[in-house]
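Chain residues, written in single-letter form:
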Amino acid sequence: MRISIRRKIALSFSVFILISGLIWVLTYYTYYLIGYRLEVIGLKNDVLNTILEARRYEKNYFLYGDKKNIEQALSYIRQAEIKLTKIAREYGKYALIKGFDEDLDDLLEYENSLAVFLDTYKGDGSLDLGGDEDKNLLWYQGEIRTLGRRITHNIEDIVAKEWQYVQRLAEKSRDYLVFALAAVSILSILTALYLAFNVNRPLRCIEDAIHKVAKGDYTNVPTISTGDEFESLVASLNNMINELNKRSEQLIQTEKLASLGTLTSGVAHELNNPLNNISTSCQILLEELEDDNLEYKRELLMETERQIERARDIVKGLLEFSKVRPFSLKTVNLRGLVDETIRLIKGEIPANISLKVEVPEGIRAEMDPRRIQQAMLNLILNGMQAMEDGGELTIKAWVEEDKGELYFQVQDTGKGIPEENLTKIFDPFFTTSDIGKGSGLGLSITHGIIEQHRGRIEVASELGKGTTFTVILPIGEVNSATV
Ligand SMILES: Nc1ncnc2c1ncn2[C@@H]1O[C@H](COP(=O)(O)OP(=O)(O)OP(=O)(O)O)[C@@H](O)[C@H]1O
Ligand SMILES: [Mg+2]
């Protein structure tokens with residue numbers, strides 16, 4: 001099922017809010033109940049105190065026989081009744097724990113008993129017992145005391161039960177809180193993990209790929225199947241990278257053709273020399289056709305063949321260089337490649353520039369020879385262009401076996417590169433050449449080619465003294481197929 005990131009995030013937050021909301025409502029409800037119960041307990045304690053007060057007067061009456069005590073007791077009982085009725089009315093059935101109704105009845109009975117007692121009291125200590133012989137003073141006392149005790153016990157019992165109930169509620173609410181804390185923590189971890197896996201990971205993947213592209217490594221982003229916008233984003237990114245790959249190939253070719261343009265006059269000049277030599281040999285041969293000097297004629301013909309070979313080499317090199325080929329690594333003899341490159345450029349080198357080649361025979365490394373040649377040409381042409389007033393161009397190479405690296409250096413004694421330009425020279429289209437002379441693509445393409453080889457390029461320059469470009473390439477698994 002395809003779920004968009006927006007939906008995924010909305011869903012996780014909805015679940016989060018729902019569970020948090022539920023927990024909040026439960027906790028709030030428990031606290032509300034506790035508050036409510038505490039209020040009721042307070043009121044019932046008040047009733048209990050009032051009844052205890054009534055009982056105190058009742059005891060005093062039976063001790064001292066003062067009628068006022070009975071009246072006081074009755075007044076307190078009525079207050080207790082009013083309070084109890086008020087609790088029942090205001091707090092409804094929630095306030096009524098079993099026995100509450102009975103309390104009210106007992107209280108009424110207690111009141112009636114005391115009232116009857118007051119009515120039958122004669123004031124002289126004797127009682128009008130209405131002819132009932134069994135009900136004497138002691139009997140009345142006993143009845144009233146038992147009733148009073150029952151009422152206080154009952155209410156004490158109810159208050160104790162209410163306390164227990166409140167304690168249970170408090171415990172429950174503590175459990176709710178612990179549960180809520182655990183649930184919210186687990187939910188937070190789950191949400192964080194979910195977002196990390198579904199949002200963070202693909203984002204990092206894409207970020208890495210974009211960093212690589214920015215560095216010139218146009219490899220595809222590994223596809224992800226999250227079924228959301230990331231999946232289509234990666235697909236679009238890969239399309240873009242493929243397109244960039246194509247464009248970069250085209251750019252390399254365009255730049256190559258541009259440098260071919262620069263080379264043409266030099267190459268023409270280089271071709272002219274063997275052609276002249278061939279022409280001279282032919283003329284001599286024609287003039288001396290009748291002559292018997294066969295040995296001399298053979299020498300002339302052999303020279304002609306050598307010159308044709310030389311011209312063919314130049315044309316072959318030019319054709320090779322201009323061919324469009326996909327990137328492919330093979331084991332290359334570096335000295336051979338350098339010589340081939342110099343042959344292409346030889347006619348271009350002005351007389352005031354001396355060329356020094358310090359590339360030992362036998363260095364072999366894995367590379368795409370055409371592309372590395374293009375990079376060499378760019379560096380050599382740049383060096384030459386930096387030495388308008390002449391100088392020395394040195395091409396060096398060596399291997400550092402322990403690192404498994406090949407170093408290739410192009411050094412000039414030209415004008416140098418100002419410090420502020422050092423960070424820009426590899427940018428595409430950065431040039432200090434006059435308009436129409438340089439496109440500013442040479443070094444950017446060279447950098448791309450070296451990146452393709454998983455190598456690096458470094459530059460050191462001193463104004464007025466010269467510049468050194470060092471290309472460092474991994475040697476790779478060198479095999480016998482050499483170029
Ligand atoms: N050896 C060097 N000495 C001095 N400056 C250099 C050297 N190599 C490069 N630069 C500077 O770097 C800039 C960029 O070089 P790059 O090869 O990319 O472009 P370009 O030579 O100007 O044009 P293009 O190579 O496309 O014809 C040059 O314009 C120049 O200012
Ligand atoms: Mg250049």
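Residues numbered from 1 in each chain as written. Chains lettered and ligands numbered in written order. Predicted model: local features only at pLDDT ≥ 70, side-chain atom pairs only at ≥ 80, totals over all residues. Heavy atoms only, no water.

Strand pairs in the sheet, formed through backbone hydrogen bonds, run parallel or antiparallel to each other. A sheet is described by the order of its strands in space; here five strands give the open sequence β2-β4-β5-β7-β6, paired in mixed fashion. Of all strands in the sheet, those with a lone pairing partner are β2 (353-358) and β6 (456-462), marking the two edges. The sheet shows a mean angle of 10° between the axes of neighbouring strands, taken without regard to direction. Relative to strand β7 (residues 466-474), β6 runs antiparallel, the two sharing seven bridges. (Pairing = 2+ DSSP bridges. Helix = DSSP H or I, 4+ residues; strand = E, 2+ residues; numbered from the N terminus. Axes fitted to C-alpha atoms, helices over the stretch in contact; angles between N-to-C directions.)

What follows is about helix α1 (residues 5-64). A rise of 1.5 Å per residue sets the reference length of α1, with its 60 residues, at 88 Å; its end C-alpha atoms lie 88 Å apart and thus fit the reference within 8%. Gly65, located one to two residues past α1, shows a positive phi value of around 70°. (Expected span 1.5 Å × (residues − 1).)

Of note in this structure, Arg454 is not a glycine but carries a positive phi near 60°. Mapped onto the fold, Arg454 is located in the loop between α9 (442-452) and β6. Residue class for Arg454 comes out exposed when judged on its relative accessible area of 60%. (Buried < 20%, exposed > 50% of the residue type's maximum accessible area, 1.4 Å probe, protein only.)

A word on the site of ligand 1. The environment of ligand 1 is made up of 20 residues, and the closest members are Asp412, Thr431, Thr432, Ser439 and Leu443. Thr432 places a side-chain nitrogen or oxygen 2.3 Å from an oxygen atom of ligand 1. Thr467 places a side-chain nitrogen or oxygen 3.4 Å from a nitrogen atom of ligand 1. If ligand 1 stood free it would expose 600 Å²; the protein chains cover 90% of that surface. The biggest single contributor to the shell around ligand 1 is helix α8 (residues 369-385), with three residues. Each residue belonging to the shell around ligand 1 can be placed in one class, and the counts come to seven nonpolar, 12 polar and one charged. (Near = heavy atom within 4 Å. Polar contact = N/O pair within 3.5 Å; in protein donor to acceptor, adjacent residues only side chain to side chain. Areas by Shrake-Rupley, 256 points an atom, 1.4 Å probe, with all protein chains shown as cover. Nonpolar A, V, L, I, M, F, W, Y, C, P; charged D, E, K, R; others polar.)

This paragraph deals with the packing of aromatic side chains. Going through the model one piece at a time under the given rule, you end up with five aromatic pairs. Between Trp398 and Tyr407, the aromatic rings sit 5.2 Å apart at their centres with planes inclined by 10°, giving stacked as the arrangement. Judged by centre distance (6.4 Å) and plane angle (90°), the ring pair of Phe426 and Phe469 falls under edge-to-face. Here Phe469 lies in strand β7 and Phe426 lies in the loop between β5 (405-412) and α9, a separation of 43 residues in the sequence. We note that Phe426, like Phe469, is buried. We note Arg56 situated over the ring of Tyr57; from NZ or CZ to the ring centre the distance is 5.2 Å. (Phe/Tyr/Trp six-rings, centres within 6.5 Å; stacked < 30°, edge-to-face > 60°. Lys NZ or Arg CZ within 6 Å of the ring centre and 35° of its normal.)

All quantities given are derived from atomic positions and should not be read as evidence of function.
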